[in-house]
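# Architecture at a glance
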Amino acid sequence: DGGITQSPKYLFRKEGQNVTLSCEQNLNHDAMYWYRQDPGQGLRLIYYSQIVNDFQKGDIAEGYSVSREKKESFPLTVTSAQKNPTAFYLCASSSGLPSEQYFGPGTRLTVT
Amino acid sequence: QQQVKQSPQSLIVQKGGISIINCAYENTAFDYFPWYQQFPGKGPALLIAIRPDVSEKKEGRFTISFNKSAKQFSLHIMDSQPGDSATYFCAASKRFSGGGADGLTFGKGTHLIIQP
């Protein structure tokens, strides 16, 4: 089955700890994205990557970091510097042209 | 500054009726306008998308109308069914000068309920 995998579905962490969210795709897509969704809000772009070993900050990158060492993988680290990390995190990918983005099932992160 | 404004926030439609959700954008560099459907606890699913060189696109019961001069676009769901009950998001993006697309800018969503 082709698609985007995010793991785990639910993640719980204590305040002050860094946590890494996994995103893997087997669609052979070049571009990958991370979004954050809060209740009553649309999705907001955290980071995106058009090609391996390159990525750009989105609208709310502060307190987050990413890497893109492989085409299939785009992990997101939520650092202790992120002031309000509890949210639903969504990973997406696209072939670039056209720019349709396809989303994974999401990871719900709770930090207490 | 919210670049994509979506309305209404919530909408209740009777089964068989037409659901209409509206979006307005500010950035004239946007050149791709998708709509996503999201069920609780799931990732958004691409529903339909339009580019600014056409004024309307129809796929089954779903139609996007696009007004470039007004910088507005809307989603129409014909013959709405209870299974259409979900949250709908409009979005927009622009291309890099190199040809790739950057991330999507989303509206805040519309919670649609179709009453049987």
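Now for a quick tour of the structure. Keep in mind that what you see is a predicted model, and the values were worked out from it rather than measured. Each chain has its residues counted from 1, running along the sequence as written. Written order determines the labels here, with chains lettered from A and ligands numbered from 1. Thresholds applied to this predicted model are a pLDDT of at least 70 for local features of residues and 80 or more for the giving and counting of side-chain atom pairs; totals over whole chains, interfaces and linings are not thresholded and use all residues. Values shown for side chains rest on all heavy atoms present in the structure; no hydrogens or waters enter the calculation.

All names here are of chain A. When DSSP locates at least two bridges between a pair of strands, those strands are taken to pair. To qualify as a helix, a DSSP run of H or I must reach at least 4 residues; to qualify as a strand, a run of E must reach at least 2; elements of each kind are numbered from the N terminus. Here we have 4 strands laid out as an open sheet, ordered E1-E3-E8-E7, and antiparallel in their pairing. Where the open sheet ends on each side, the last strands, each with one partner, are strand E1 (4–7) and strand E7 (64–66). Across the sheet, the mean angle from the axis of one strand to that of its neighbour is 20°, orientation sign disregarded. In this structure, strand E3 (residues 19–25) lies alongside strand E8 (residues 76–78), joined through 3 bridges in antiparallel fashion. Across the sheet, the residue bridging to threonine 20 is threonine 77, located in E8. Note on definitions: angles span 0 to 180 degrees between N-to-C directions of axes, and those axes are lines fitted to C-alpha atoms, for helices only across the stretch in contact.

As a further point, take the side chain of Gln37(B). Residue and element names in this part refer to chain B. Structurally, the position occupied by glutamine 37 is in strand E4 (residues 33–38). We define a polar contact as two N or O atoms separated by no more than 3.5 Å, with the added condition that, inside protein, one atom must be a possible hydrogen donor and the other a possible acceptor, whereas residues neighbouring each other in sequence contribute only through side-chain atom pairs. Among the polar contacts made by the side chain of glutamine 37, one reaches the side chain of tyrosine 88 at a distance of 2.9 Å. The contact criterion used throughout is that any non-hydrogen atoms of two residues lie within 4.5 Å. If near-sequence neighbours (up to four positions away) are discounted, glutamine 37 is found in contact with Gly43, Pro44, Ala45, Leu47, Asp84, Ala86, Thr87 and Tyr88.

Without other data, these values stay purely geometric and don't point to any function.
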